[in-house]
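One-letter residues, chain by chain:
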Amino acid sequence: MSSLKLSVLISEANLGPLYAVLAYAAWGILPIYWKWFGAIPAIEVLSHRMIWSAVFLCAILLAQRRLPALRALLQSPQAVAALLLTASLLSLNWGLYIYGVNSDRVVEASLGYYINPLVSVVLGFVFLQERLHRVQQLAVALAAVGVGYFIWQLGQVPWIALGLALTFAVYGLVRKVVPVAPLVGLTVETLLITPLTLLFVSYLGLTGNGHFGQSFPMTVLFMGAGVTTSLPLLWFNNAAQRLSLASLGFFQYLAPSIALLLGIFLYGEPFTPTHGVTFGSIWLALGLYSVRAWGHATRPQPAATDLADTPEKRVTTDRVGR
């Protein structure tokens, strides 16, 4: 092998982890961006996030000459119906996250994305008949104990965390069974919701209750929501092309970890012993789950013809939360 080919392979190998860190770190620091909107209602921020994400994503597809794929997808009624459902789930997830951040519950929001992989495991077991191995059963039980302890000690349900975990897990479940490319699918999702958000933003403007255009910095923030939403997704897709799912899975905990640290040290949110027990239980559960997933991924596999319908082959690499 020539030195040129070797250097190309080395650089490609390094790009995978780099893209993964960029994507998950960007998702982790997104609370800072949403905090800049201050007291502006989450529904208005979400509306602009959808609108400008649609604009930015369409520009990307245009630059990549993939608009024919977008048109073909829009001509499929079944795919559009499925993506309308996922678009609704995505809107709820994004809006709930923005609300959680701007209501000083960043720690609870980070808890939701820690729980999410375990909720996905349960949904796979219930709806896709995927096997739930003993380690996975133990991981799910530990997470349930952690959340139950939180409710028992504090007398309140962490509904933001549970809402984020459930909406994104169901979103992932539906997207898993709909054969749609991640970027094209996300573009259609934002386009399906954009007419409603445009009507809402127009109503706010006509009634004098909107904040778009009132000041240059705020207008830039609204428009930038599309970039901050789409760029991490592009980095993630590049990482997914270069890394195995097992390797990529270890990076996913970077985002909620950064958000957790921001909530505690930058925004001064409380982290009580009860939080410690809850997060500790879920961290232990995720550790068990990840070690088991890594061991399975690195185990020698049978011939390709025997793997055609395994759960691992059906896993998608779509990630558009936060």
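A brief look at the structure comes next.

How each quantity is defined
Residues numbered from 1 in each chain as written. Predicted model: local features only at pLDDT ≥ 70, side-chain atom pairs only at ≥ 80, totals over all residues. Heavy atoms only, no water. Patch = residues over 30% accessible without salt bridge, like charges linked within 9 Å, V, L, I, M, F, W, Y side chains within 5 Å. Areas by Shrake-Rupley, 256 points an atom, 1.4 Å probe, with all protein chains shown as cover. Salt bridge = Lys/Arg side-chain N within 4 Å of Asp/Glu carboxyl O. Helix = DSSP H or I, 4+ residues; strand = E, 2+ residues; numbered from the N terminus. Buried < 20%, exposed > 50% of the residue type's maximum accessible area, 1.4 Å probe, protein only. Core = buried A, V, L, I, M, F, W, Y, C linked by side-chain atoms within 4.5 Å. Contact = heavy atoms within 4.5 Å. Phe/Tyr/Trp six-rings, centres within 6.5 Å; stacked < 30°, edge-to-face > 60°. Lys NZ or Arg CZ within 6 Å of the ring centre and 35° of its normal. Axes fitted to C-alpha atoms, helices over the stretch in contact; angles between N-to-C directions. Parallel < 35°, antiparallel > 145°, perpendicular 65-115°, else oblique. Left-handed = near helix turned anticlockwise from the far one by under 90°. Polar contact = N/O pair within 3.5 Å; in protein donor to acceptor, adjacent residues only side chain to side chain. Nonpolar A, V, L, I, M, F, W, Y, C, P; charged D, E, K, R; others polar.

**Describing a nonpolar patch on the surface**
Right, so step 1: Residues Tyr99, Ile151, Val157, Trp159 and Leu162 make up a contiguous nonpolar surface patch of about 420 Å² in total accessible area.
Right, so step 2: Note that Val157 resides in the loop between helix 6 (134–154) and helix 7 (159–177).
Right, so step 3: Under the relative-accessibility criterion, Val157 is labelled partly exposed at 46%.

**Thoughts on the nonpolar core**
Right, so step 1: Core analysis: the biggest nonpolar cluster contains 58 residues, and Trp34, Phe37, Tyr97 and Leu248 have the highest contact counts within it.
Right, so step 2: Per element, the largest residue contribution to this core is eleven residues, and it comes from helix 4 (residues 77–102).
Right, so step 3: Ignoring any residue separated from it by four or fewer positions in sequence, one finds Tyr97 in contact with Trp27, Pro31, Trp34, Ala109, Tyr113, Leu164, Ala259 and Arg322.
Right, so step 4: With 23 residues, the next largest nonpolar core counts Tyr114, Leu118, Ala169 and Leu286 among its residues.

**Quick look at the environment of Pro158**
Right, so step 1: Position of Pro158 relative to the elements: it lies in the loop between helix 6 and helix 7.
Right, so step 2: Taking relative accessible area as the criterion, Pro158 reaches 1% and is therefore assigned buried.
Right, so step 3: Residues Pro158 and Glu108, 50 residues apart in the sequence, show an inter-C-alpha distance of 6.9 Å.
Right, so step 4: When sequence neighbours within four positions are dropped, the list of residues in contact with Pro158 reads Glu108, Val147, Phe150 and Ile151.

**Observations concerning the packing of aromatic side chains**
Right, so step 1: Going through the model one piece at a time under the given rule, you end up with 19 aromatic pairs.
Right, so step 2: For the pair Phe37 and Phe222, a centre-to-centre distance of 5.2 Å together with 45° between the ring planes defines the contact as tilted. One end of the pair, Phe37, is in the loop between helix 1 (3–35) and helix 2 (42–63); the other, Phe222, is in helix 9 (residues 216–242), and 185 residues separate them in sequence.
Right, so step 3: With a relative accessible area of 0%, Phe222 lands in the buried category.
Right, so step 4: Between the aromatic rings of Tyr97 and Tyr113, the centroid separation amounts to 5.7 Å while the plane-to-plane angle is 70°, which identifies the pairing as edge-to-face. With Tyr97 in helix 4 and Tyr113 in helix 5 (residues 106–127), the pair connects residues that are 16 residues apart, well separated along the chain. The same class applies to Tyr97 and to Tyr113, which are both buried.
Right, so step 5: It is Lys35 that lies over the ring of Tyr267; its NZ or CZ is 4.7 Å from the centre.

**Describing the packing of helix 2 against helix 4**
Right, so step 1: The interhelical angle for the contact between helix 2 and helix 4, taken along N-to-C directions, is 130°, at an axis separation of 9 Å. With respect to helix 4, the axis of helix 2 lies oblique. By crossing handedness, the relation of helix 2 to helix 4 is classed as right-handed. Of helix 4, the residues touching helix 2 (which contributes Ala42, Val45, Leu46, Arg49, Met50 and Ser53) are Ala87, Ser91, Trp94, Gly95, Ile98 and Tyr99.

**Focus on the pattern of salt bridges**
Right, so step 1: Summed over the entire model, instances satisfying the criterion amount to four salt bridges.
Right, so step 2: For Lys176, the salt bridge is made with Glu130, and the minimal N-O distance between the two is 2.6 Å. Of this pair, Lys176 sits in helix 7 while Glu130 is found in the loop between helix 5 and helix 6, placing the two residues 46 residues apart along the sequence.

**Looking at the side chain of Thr190**
Right, so step 1: One can find Thr190 in helix 8 (residues 182–207).
Right, so step 2: Side-chain polar atoms of Thr190 contact the backbone oxygen of Thr187, separated by 2.8 Å.
Right, so step 3: Residues in contact with Thr190, not counting those within four places in the same chain, are Met50, Ser53, Ala54 and Leu57.

**Digging into the packing of helix 8 against helix 9**
Two packed helices can be described by the angle between their axes and the distance between those axes.
Right, so step 1: Taken N-terminus to C-terminus, the directions of helix 8 and helix 9 make an angle of 155°; their axes are 11 Å apart at the nearest point. Relative to helix 9, the element helix 8 lies roughly antiparallel. Both helix 8 and helix 9 take part in a crossing whose hand is right-handed. Where helix 8 abuts helix 9, its residues Pro182, Leu183 and Leu186 lie against Leu233, Leu234 and Asn237.
Right, so step 2: Of the residues contributing to the contact of helix 8 with helix 9, the split by class is five nonpolar, one polar and no charged.

Geometric values such as these leave the question of function open.
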